[in-house]
Amino acid sequence: NSIKLQTTLFKMGAGVKGIILLSFSASVGLTFLLLACALPQYGMWWPMFVLIFYLLAPVPYLLAKRISDSTSTSGVAWETAIFLTSVLVVSAYGLPIVLAHTPIGKPAIQWGACALVLSGNTVMFLTILGFFLVFRDNDGFSYSAW
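In this numbering scheme, every chain counts its residues from 1 along its sequence in written order. Only residues with pLDDT of at least 70 get local features here, since the model is predicted, and only at 80 or more are side-chain atom pairs given and counted; chain-wide, interface and lining totals rely on the full set of residues. Working from all heavy atoms in the structure, the side-chain values ignore hydrogens and water.

Q: How do you make sense of the overall build of the protein chain when you look at a structure like this?
A: Under the scheme used here, helices are H or I runs from DSSP no shorter than 4 residues and strands are E runs no shorter than 2 residues, and both carry numbers assigned from the N terminus. Across its full length, the protein chain carries six helices and zero strands. Traced from its N-terminal end to its C-terminal end, the protein chain shows the element sequence α-α-α-α-α-α. Think of it in three bands: with a 1.4 Å probe and only protein chains considered, a residue is buried below 20% of the maximum accessible area for its type, exposed above 50%, and partly exposed in between. Across the 146 residues in the protein chain, those meeting the buried criterion constitute 28%. For the protein chain, the computed accessible surface area is about 9,500 Å², with 73% contributed by carbon and sulfur atoms. We get accessible surface area from the Shrake-Rupley algorithm with a probe of 1.4 Å; when it comes to residues, only the shown protein chains can shield them.

Given below as structure tokens:
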């Protein structure tokens, strides 16, 4: 039975394996974020604001992909998309650090929660990057149609 299962998993396309791996890594990243908010010693829900950055980070790339006529990655649309995506990613890393620093006497979140959010950010942004790497081909499934 285990050999049959391994054979079945081996025969699955790269797209299905990619989706399974991406969904697992996204759930790990969101678990880090939820732990940073929900653990009793932290108890603050301010780190949940990084979800906005997770949702907005792929938007400039998708818009540039939609606008651009050629497959080259140069031009005003691509440069602007890379810049805006970089701003969003850096902001997602900066928000928990700023929340852990201010105010001086009693910070908004503790450093342990900040570390969990930074870990979740790393996993989530690698998941987003992995999505675009897995589905960069336009055969069958195209994310640019979204």
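That was the structure; now back to the text.
Q: Mind showing me how you'd approach the UniProt feature "transmembrane region" (unreviewed entry) in the protein chain here?
A: UniProt positions are given in the numbering used here, feature names are shortened, and annotations may be inferred rather than shown by experiment. Under the local residue numbering, the UniProt record ascribes the feature "transmembrane region" (unreviewed entry) to residues 20-39, 45-64, 76-96 and 108-135. Split by type, residues 76-96 is 100% helix and 0% strand. Its first and last C-alpha atoms lie 31 Å apart.

Q: Before we go on, may I ask you to explain the nonpolar core in this structure?
A: By nonpolar core is meant a set of buried Ala, Val, Leu, Ile, Met, Phe, Trp, Tyr and Cys residues that side-chain atoms within 4.5 Å join together. Counting 21 residues, the largest nonpolar core has Val50, Tyr54, Ile109 and Phe125 as the members making the most contacts within it. Of all the secondary structure elements, the ones that give two or more residues to this core are α2 (14-38), α3 (50-56), α5 (76-101) and α6 (111-134). For this core, the leading source of residues is α6, giving eight residues.

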